[in-house]
Amino acid sequence: QVHLVESGGGLVQAGGSLRLSCAASGRTFSDYTMGWFRQAPGKEREFVAVINWSGGNTNYADSVKGRFTISRDNAKNTVYLQMNSLKPEDTAVYYCAQDRLRRATMMTASKEYGYWGQGTQVTVSS
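K.L.:
Can you walk me through the side chain of Arg-67 in this structure?
P.N.:
Within the secondary structure, Arg-67 sits in the loop between strand S6 (58–60) and strand S7 (68–73). We classify Arg-67 as buried; its relative accessible area is 11%. Here Ser-85 takes part through its backbone oxygen, which lies 2.9 Å from a polar atom of the side chain of Arg-67. Ignoring sequence-local partners within four residues, the contact set of Arg-67 consists of Gln-82, Met-83, Asn-84, Ser-85, Leu-86, Lys-87 and Asp-90.

K.L.:
What is the right way to read the sheet that holds strand S8 (residues 78–83) from this model?
P.N.:
Sheets are built from strands that pair by backbone hydrogen bonding, the pairs being arranged parallel or antiparallel. Taken in spatial order, the 4 strands line up as S1-S3-S8-S7 in an open sheet, and their pairing is antiparallel. Each edge of the sheet is formed by a strand with only one pairing partner; in this case those strands are strand S1 (3–7) and S7. This sheet shows a mean twist of 15° between the axes of neighbouring strands, independent of strand direction. Here S7 runs beside S8; their pairing, made up of 6 bridges, is antiparallel. Following the sheet pairing, Phe-68 is matched in S8 by Met-83.

K.L.:
Explain unusual backbone geometry here, please?
P.N.:
Backbone phi values are negative for most residues with the exception of glycine, while trans is the configuration of most peptide bonds. At Asn-77, a residue that is not glycine, the phi angle is positive and equals roughly 55°. Mapped onto the secondary structure, Asn-77 falls in the loop between S7 and S8. Using a relative accessible area of 30% as the deciding quantity, one classes Asn-77 as partly exposed. Phi at Ser-85 takes a positive value of approximately 50°, unusual for a residue other than glycine.

Parameters and conventions
Residues numbered from 1 in each chain as written. Predicted model: local features only at pLDDT ≥ 70, side-chain atom pairs only at ≥ 80, totals over all residues. Heavy atoms only, no water. Helix = DSSP H or I, 4+ residues; strand = E, 2+ residues; numbered from the N terminus. Buried < 20%, exposed > 50% of the residue type's maximum accessible area, 1.4 Å probe, protein only. Polar contact = N/O pair within 3.5 Å; in protein donor to acceptor, adjacent residues only side chain to side chain. Contact = heavy atoms within 4.5 Å. Pairing = 2+ DSSP bridges. Axes fitted to C-alpha atoms, helices over the stretch in contact; angles between N-to-C directions.

Note that all results are geometric; they support no functional claim without further evidence.
Structural data, given as structure tokens:
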């Protein structure tokens, strides 16, 4: 049974920073691509960032490129999202997700991910 637990969300002023963490259990963490997604009120869930199983490759949504950094520590079974220069439009519930398939190509579509955390709220005030 895969279990993902996000933490690190909160309220921050525009221009500030937050670091989200997602602790995983249940499968060999280092075998699976991990992604971050977000969902704002009234909007569809959208891709934010992805990191492959080894940590050697990453990809970002254009809206966060240059401001957010995804990383992972396979020894700690944890993936991170460092968010800098936050904007009010970054306000959303942030979810981490784990790919269904072992050592799969990085995907940006949420349907490719079989396991999800409960989400953590990020609110950026102007």
